[in-house]
Amino acid sequence: MRCGEELTHMAEDRLREIFSEVSSWDTDVAEAGLSPDEVCKLLDVDALFRLLDRPMPNSEMEICDKLCELRLVERLDDSISIRNSGAIALARDLESFPRLSRKAPRLIVYNGRNKLDTKLDVTGRRGFASGFQGLVRSCMEHMPKNEIVQDALRRTVELFPERAMREVIANALIHQDFSVGGTGPLIEIYADRVEVSNPGEPVISVTRFIDGHRSRNENLAWCFRQMNICEERSSGIDRVVSTAELYQLPAPEFISSFQSTTVVIYGPRDFKQMTSDDKIRACYQHCVLRYVMREQMTNESLTARFGLDESSRATVSKILKATVDANLVALDPAVGGSRKYARYVPAWSVQPVG
């Protein structure tokens with residue numbers, strides 16, 4: 001690229017931007033020149049129609065018609081090509097598509113709170129959609145258990161509920177950056193937390209995960225919605241945060257790092273054991289969650305979120321002040337400066353644009 005009077009090497013990020021303007025990973029071809037029979041051997045069409053909750057068609061040609069409708073394959077002259085989205089979603093074995101095999105999800109289970117003692121390390125081989133239920137099931141089978149007392153009865157529950165884990169895993173699979181080579185989605189289960197990472201920095205700020213939505217791989221996300229794996233309407237992260245509040249767990253942490261996005265789900269931790277960052281993060285997420293429900297955060301609502309009683313309102317006020325000082329939340333302009341009726345909204349909702 002030209003820089004002043006000189007020519008200089010173009011940065012990798014800029015190259016990706018240019019390539020993305022003329023080519024979509026979703027629609028690029030993974031395997032070409034196939035017959036309907038070969039397509040059905042490579043793709044798990046049984047799983048497709050099970051996920052769609054539709055009867056299996058009588059002929060391979062009808063099956064390919066549906067795959068074309070979902071934009072997972074395309075017809076070229078007298079042959080059929082499987083698109084990347086079709087292979088990554090429905091492959092019977094990702095090893096059959098060498099360029100995509102490194103994109104398979106990997107599950108690692110540790111015996112403790114660090115990486116020193118590995119209990120399980122497996123890499124999936126089926127497509128994301130066809131293997132989704134099995135992946136979630138494996139995660140839940142190895143999820144640490146906790147004892148809780150409810151209604152005077154003691155019972156054992158998973159570290160984090162399955163429904164919310166489905167959302168985290170689905171997001172990691174669908175919204176990864178497939179242009180980042182040599183890596184795929186990674187699920188790491190520790191004794192006290194779960195970390196789910198995917199290649200690529202997020203397309204929106206991690207502070208806007210609750211209220212914002214943008215699909216990196218639009219056709220893949222649309223297709224997964226047809227198969228009832230995701231909703232594609234920005235409700236997944238809401239459900240994850242709501243679940244953490246319901247079970248009074250530490251707030252999930254969303255981390256953007258170099259070519260990677262990570263969601264950390266924490267297990268039960270007493271309020272006194274939470275760090276200042278934990279409390280500020282929980283306060284901000286609670287505020288955004290109420291904001292998208294057209295409600296405002298108050299001292300009372302945040303007290304309830306932490307599972308505290310009325311005597312802790314002074315402590316909660318300190319958390320509110322710290323979160324305001326961090327420029328994450330702000331007093332609702334609609335109530336002025338009243339402390340008695342103080343309500344809070346996300347800081348970005350009252351800051352001037354530009």
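Calculation notes
Residues numbered from 1 in each chain as written. Predicted model: local features only at pLDDT ≥ 70, side-chain atom pairs only at ≥ 80, totals over all residues. Heavy atoms only, no water. Axes fitted to C-alpha atoms, helices over the stretch in contact; angles between N-to-C directions. Helix = DSSP H or I, 4+ residues; strand = E, 2+ residues; numbered from the N terminus. Parallel < 35°, antiparallel > 145°, perpendicular 65-115°, else oblique. Left-handed = near helix turned anticlockwise from the far one by under 90°. Contact = heavy atoms within 4.5 Å. Nonpolar A, V, L, I, M, F, W, Y, C, P; charged D, E, K, R; others polar. Core = buried A, V, L, I, M, F, W, Y, C linked by side-chain atoms within 4.5 Å. Buried < 20%, exposed > 50% of the residue type's maximum accessible area, 1.4 Å probe, protein only. Pairing = 2+ DSSP bridges. Phe/Tyr/Trp six-rings, centres within 6.5 Å; stacked < 30°, edge-to-face > 60°. Lys NZ or Arg CZ within 6 Å of the ring centre and 35° of its normal.

Asker: Is there a simple way to explain the packing of helix α6 (residues 132-141) against helix α7 (residues 162-174) in this structure?
Answerer: Any two packed helices are characterised by how steeply their axes cross, that is the angle between the axes, and by the distance between the axes. It is the contact of α6 with α7, at a shortest axis distance of 10 Å, that shows an interaxial angle of 125°. The orientation of α6 with respect to α7, classified from their angle, is oblique. In this structure, α6 crosses over α7, and the sense of that crossing is right-handed. Where α6 approaches α7, its residues Phe 132, Gln 133, Leu 135, Val 136, Cys 139 and Met 140 are matched on the opposing element by Glu 162, Met 165, Arg 166, Ile 169, Ala 170 and Leu 173. In terms of residue class, the contact of α6 with α7 is built from nine nonpolar, one polar and two charged.

Asker: Explanation requested: the nonpolar core in the structure shown.
Answerer: Considering soluble globular proteins, one finds that nonpolar side chains tend to be buried as a cluster. With 88 residues, the main nonpolar core has Leu 67, Phe 224 and Met 227 as its most contacted residues. It is α7 that contributes the most residues to this core, eight residues altogether.

Asker: Mind showing me how you'd approach the pairing of strand β5 (residues 79-83) here?
Answerer: Regular strands show a simple pattern: their side chains alternate between the two faces of the sheet. Of all five residues that make up β5, four are buried, and the element is covered over most of its length. Relative to β5, strand β3 (residues 29-34) is paired through three bridges, and the arrangement is antiparallel. For Glu 31, the partnering residue across the bridge sits in β5 and is Ile 82. The pairing of strand β4 (residues 73-76) with β5 spans four bridges and is antiparallel. Bridging from a neighbouring strand, Arg 75 pairs with Ile 80 of β5. Here β4 folds back onto β5 in antiparallel fashion, the turn holding two residues, of which Asp 77 has a positive phi close to 55°.

Asker: Looking at this structure, how should I read the packing of aromatic side chains?
Answerer: Given two aromatic rings, one states the distance between the centres and the angle between the planes to describe the pair. Considering all chains together, one arrives at five aromatic pairs under this definition. Between the aromatic rings of Tyr 110 and Tyr 190, the centroid separation amounts to 4.7 Å while the plane-to-plane angle is 25°, which identifies the pairing as stacked. With Tyr 110 in strand β6 (residues 106-110) and Tyr 190 in the loop between β10 (186-189) and β11 (193-199), the pair connects residues that are 80 residues apart, well separated along the chain. The pair Tyr 110 / Tyr 190 is uniform in exposure class, with both members buried. Ring centres of Tyr 291 and Trp 348 lie 5.5 Å apart, and the angle between their planes is 85°; on these two criteria the pair is classed as edge-to-face. Taken together, the residues Tyr 291 in helix α10 (residues 276-292) and Trp 348 in the segment after β15 (344-346) connect sequence positions 57 residues apart. Assessed through its relative accessible area of 22%, Trp 348 is described here as partly exposed. When the ring centre of Tyr 190 is taken as origin, the NZ or CZ atom of Arg 193, which lies over that ring, is 3.7 Å away. The ring of Tyr 266 has Arg 269 lying over it, and the distance from NZ or CZ to the ring centre is 5.0 Å.

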